[in-house]
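Analysis of the macromolecular model
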Amino acid sequence: MEIFVVGGAVRDALMGLPVNDRDWVVVGSTPEAMSAQGFVPVGKDFPVFLHPQSREEYALARTERKTARGYKGFAVQADPEVTLEEDLARRDLTVNAMAVPEALAHAGTSAWADQIVDPYGGQRDLQHKVLRHVTEAFAEDPVRILRVARFAARFADFSVAGETMAWMRQMVEHGEADHLVPERVWQELAKGLMSDKPSRMFEVLRECGALQVLLPELDRLWGVPQRPEYHPEVDTGVHMMLVMDMAARLNMPLAVRVACLMHDLGKGNTPADVLPRLIGHEGRSVKLLQKVCERLRVPTDCKELAEVVAREHGNIHRSAELGPEALMRLLERCDAIRQPERFERVLQACECDARGRLGFEAVAYPQAERLLKAQHAALSVETAPIAQTAAAQGLKGAQIGEQIFKARVKAVAASL
């Protein structure tokens, strides 16, 4: 039995990045031998075990052969005869297809020297900052299209090898991307959204044609003009990428980044004869994002935040023009009284939208501070005494609600 640390742990260590998780490959063993040494089997589709002490995952070396389309369409062979090189050959990118013996895994990279098992040139591609497929078997798994795009977003100064991009285009043309499981698409997109430069993920997906298949609502934004006095970048697709990168720059959580991604989808189906005016795109965006979220199984919290941002971002941008009563109605539409923390996320997404414009990256967003003051003022109103007094006067239901609304408007006015 031989044990090696493989994949991302080796890559990240060589790049000088923190190594948070380690994947291990066991060569020359069997499930029975692993269990006899106290490893706990957890794999359903292939032999994976948890170490009895560290609880890290150890997988038997294996090969994979495609038998049908789809995520489950692979025949897996794991036996003692499978070599480390054969196991590494099934991996997606050369930079993820390196291994180091267990004895050196926790030593510094200076101790690795010539002990790195690198049959496919991963170290070379790390040095030249290239994302390159390992073998032609890359084309058997369409998930790898998403993984390459996601790695391009994580390592934004890396390029995708020309031959790898050619394989990705061919996979899309042959309909492989049509068979991706929605949950897996969302999983990879979410990871890419949380990278330092999310725009790179979408650039790569667009270049190979996969964006049109997976997110046609987003893909059609490129080429849609906006009024240059508001959007110097003009192109809506370019604006969306600026917004996404601003969300990353401001270290926004996933739900905010999803809202940023989907807030302007309605611009893509604006009638051509009214462009560059985009009247009513907010409502169209809500309908489109609802379909996207249903299709990709996007978590409810992300979907609901995106709906509010899509519907109200224009009103929030113009909120400096609103008086106390209009501000209070805006707060109500955003459900800012019942969900105060979510309203902060709404404003964060709107700030990313406002600053995600050419030349506006460093411009302040005072709307957020003003609206938060209004929200805090409205929340400070004690509603129970108002409701009791109103009820004593014979008021009911909506009439009591109107009294509370007036009190909140008064508090908002005092805060401005």
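Look a little higher up for the structure.
Described in the following lines is the structure provided in the data block. None of the values given here were measured: they were computed from a predicted structure. Position numbers for residues start from 1 in each chain and track the written sequence from start to end. Only residues with pLDDT of at least 70 are given local features in this predicted model, and only at 80 or more are side-chain atom pairs given and counted; all residues enter the totals for whole chains, interfaces and linings. Excluded from the side-chain calculations are hydrogens and water; all other atoms, namely the structure's heavy atoms, are used.

1. Description of the layout of surface pockets
Think of a 1 Å grid over just the protein atoms. A cavity is a set of points where a 1.4 Å probe fits yet cannot get out, a pocket is an open set with protein on both sides within 12 Å along at least five of seven lines, and lining residues have an atom within 4 Å of a point. Grid points are joined across faces, edges and corners, and a volume is the space filled by probe spheres set on the points. There is about 740 Å³ of room inside the second largest pocket. As for the second largest pocket, its lining consists of 29 residues, of which Y230, H231, H317, R318 and R357 are closest to the centre. Segments assigned H or I by DSSP are reported as helices when at least four residues long, segments assigned E as strands when at least two residues long, and all are numbered from the N terminus. Contributions of two or more residues to the lining of the second largest pocket are made by α13 (281-296), α14 (300-317), α16 (340-355) and α17 (366-379). Of the residues contributing to the lining of the second largest pocket, the split by class is ten nonpolar, ten polar and nine charged. Classification convention: Asp, Glu, Lys, Arg as charged; Ala, Val, Leu, Ile, Met, Phe, Trp, Tyr, Cys, Pro as nonpolar; all other residues, Gly among them, as polar.

2. Structural notes on the nonpolar core
In a soluble, globular protein the nonpolar side chains are often hidden away together inside. Counting residues in each nonpolar core, the largest one holds 109 residues, and the members touching the most others are L189, F202, L205, L218 and I316. At eight residues, the largest contribution of residues to this core is made by helix α5 (residues 143-154). Contacts were defined at the residue level, with two residues in contact if any of their heavy atoms lie within 4.5 Å. Not counting chain neighbours up to four residues away, the residues in contact with L189 comprise L146, M201, F202, L205, L215 and L296. Throughout this description, the term nonpolar core refers to a set of buried Ala, Val, Leu, Ile, Met, Phe, Trp, Tyr and Cys residues connected via side-chain atoms within 4.5 Å. Relative accessibility decides the category of a residue: with a 1.4 Å probe and only protein chains considered, values under 20% of the type maximum give buried, values over 50% give exposed, and everything between is partly exposed. The next biggest cluster of nonpolar side chains, apart from the first, holds twelve residues, and it includes V6, L84, L88 and V134.

3. Considerations on the environment of C260
Its location among the elements puts C260 in helix α12 (residues 254-262). With a relative accessible area of 1%, C260 lands in the buried category. Spatially, the C-alpha atoms of C260 and A306 are 7.4 Å apart, while their sequence positions differ by 46 residues. Once residues lying within four places of it in the same chain are set aside, the contact partners of C260 are M240, V243, M244, A247, A349 and C352.

4. Some points on helix α7 (residues 182-193)
Expected span of a helix, by definition, is 1.5 Å for each gap between consecutive residues, and there is one gap fewer than residues. Over its twelve residues, α7 runs 16 Å from end to end, which matches the ideal 16 Å to within 8%, given 1.5 Å per residue. Buried within α7 we find R184, V185, W186, E188, L189, A190, G192 and L193. The inward-facing, buried residues of α7 contact α5, α8 (198-208), α9 (210-214), α11 (236-249), α12 and α13.

5. Focus: the packing of aromatic side chains
Side-chain rings of Phe, Tyr and Trp (the six-membered ring for Trp) are treated as a pair once their centres are within 6.5 Å; stacked means planes under 30 degrees apart, edge-to-face means over 60, and tilted covers the remaining angles. A complete count under the given rule lists four aromatic pairs for this structure. Taking 5.3 Å as the distance between ring centres and 5° as the angle between the ring planes, the aromatic pair formed by W24 and Y58 counts as stacked. Placement of W24 in strand β2 (residues 23-27) and of Y58 in strand β5 (residues 57-60) is noted, with a sequence separation of 34 residues between them. Take W24: its relative accessible area is 3%, and that puts it in the buried class. Look at F151 and F155: their rings are 6.3 Å apart centre to centre, the planes differ by 5°, and that puts the pair in the stacked class. In this structure, F151 and F155 share a single accessibility class: buried.

6. With respect to the pattern of salt bridges
By salt bridge we mean one thing: a side-chain nitrogen of Lys or Arg within 4 Å of a carboxyl oxygen of Asp or Glu. Applying the stated rule across the entire model yields 26 salt bridges. The partner of K303 in a salt bridge is E307, with the nearest N and O atoms 2.9 Å apart. Taken together, the positions of K303 and E307, both in helix α14 and four residues apart, correspond to about one turn of that helix. Here R329 makes a salt bridge to E325, at a shortest N to O gap of 3.3 Å. Placement of both R329 and E325 in helix α15 (residues 324-333) is noted, with a separation of four residues, approximately one turn of the helix. Where salt bridges share partners, they join R124, D125, R132 and E163 into one cluster.

7. Here we look at α17
With 14 residues, α17 should reach 20 Å at 1.5 Å per residue; the first-to-last C-alpha distance of 20 Å fits that figure. Inspection of α17 places Q367, A368, L371, A374, Q375, A377 and A378 among the buried residues, and these make up the whole buried set. Structurally, α17 contributes buried residues whose contacts are with α14, α15, α16 and α19 (397-415).

8. Considerations on the side chain of S199
With respect to the secondary-structure elements, S199 resides in helix α8. Contacts of S199, omitting those with residues within four sequence positions, involve M241 and D245.

9. Observations regarding the sheet that holds strand β8 (residues 99-101)
The pairing criterion is simple: DSSP has to find at least two bridges between the two strands. If you trace the six strands from one edge of the open sheet to the other, you get β3-β4-β5-β2-β1-β8, paired in mixed fashion. Looking at the sheet topology across the chains shown, the edges are occupied by β3 (40-41) and β8. Bridge count for strand β1 (residues 2-6) against β8 is three bridges, and the pairing is antiparallel. Residue pairing in the sheet places F4 in a bridge with P101 of β8.

10. Here's the deal with unusual backbone geometry
A cis amide bond links L275 to the next residue, P276, at an omega of 10°. Residue position: P276 is located in the loop between α12 and α13. Here the phi dihedral of R297 falls at roughly 60°; this positive angle occurs in a residue that is not glycine. What makes R297 partly exposed here is its relative accessible area of 48%.

11. Considerations on the packing of α5 against α7
Helix packing for two helices is described by the angle between their axes and how far apart those axes are. Axis definition: a line fitted to C-alpha atoms, over the contacting stretch in the case of helices. Angles run 0 to 180 degrees between N-to-C directions. Contact pair α5 / α7: the axes reach a minimum separation of 9 Å and the direction vectors enclose 10°. The angle between the axes of α5 and α7 places the two elements in the roughly parallel class. When α5 is examined against α7, the residues V143, L146, R147, R150 and A153 are found in contact with a partner set consisting of R184, V185, E188, L189, K191 and G192. The residue inventory of the contact of α5 with α7, partitioned by class, reads five nonpolar, one polar and five charged. Here the angle decides the label: under 35 degrees means roughly parallel, over 145 means roughly antiparallel, 65 to 115 means roughly perpendicular, and every other value means oblique.

12. Brief notes about the pairing of β2
Across the five residues of β2, four count as buried, placing the element largely inside the fold. As judged from the five bridges shared by β1 and β2, these two strands associate in the antiparallel manner. Within the sheet, the bridge partner assigned to E2 lies in β2 and is V27. Note: β2 against β5, three bridges, orientation parallel. In the sheet register, V25 faces β5, and the bridge partner there is A59.

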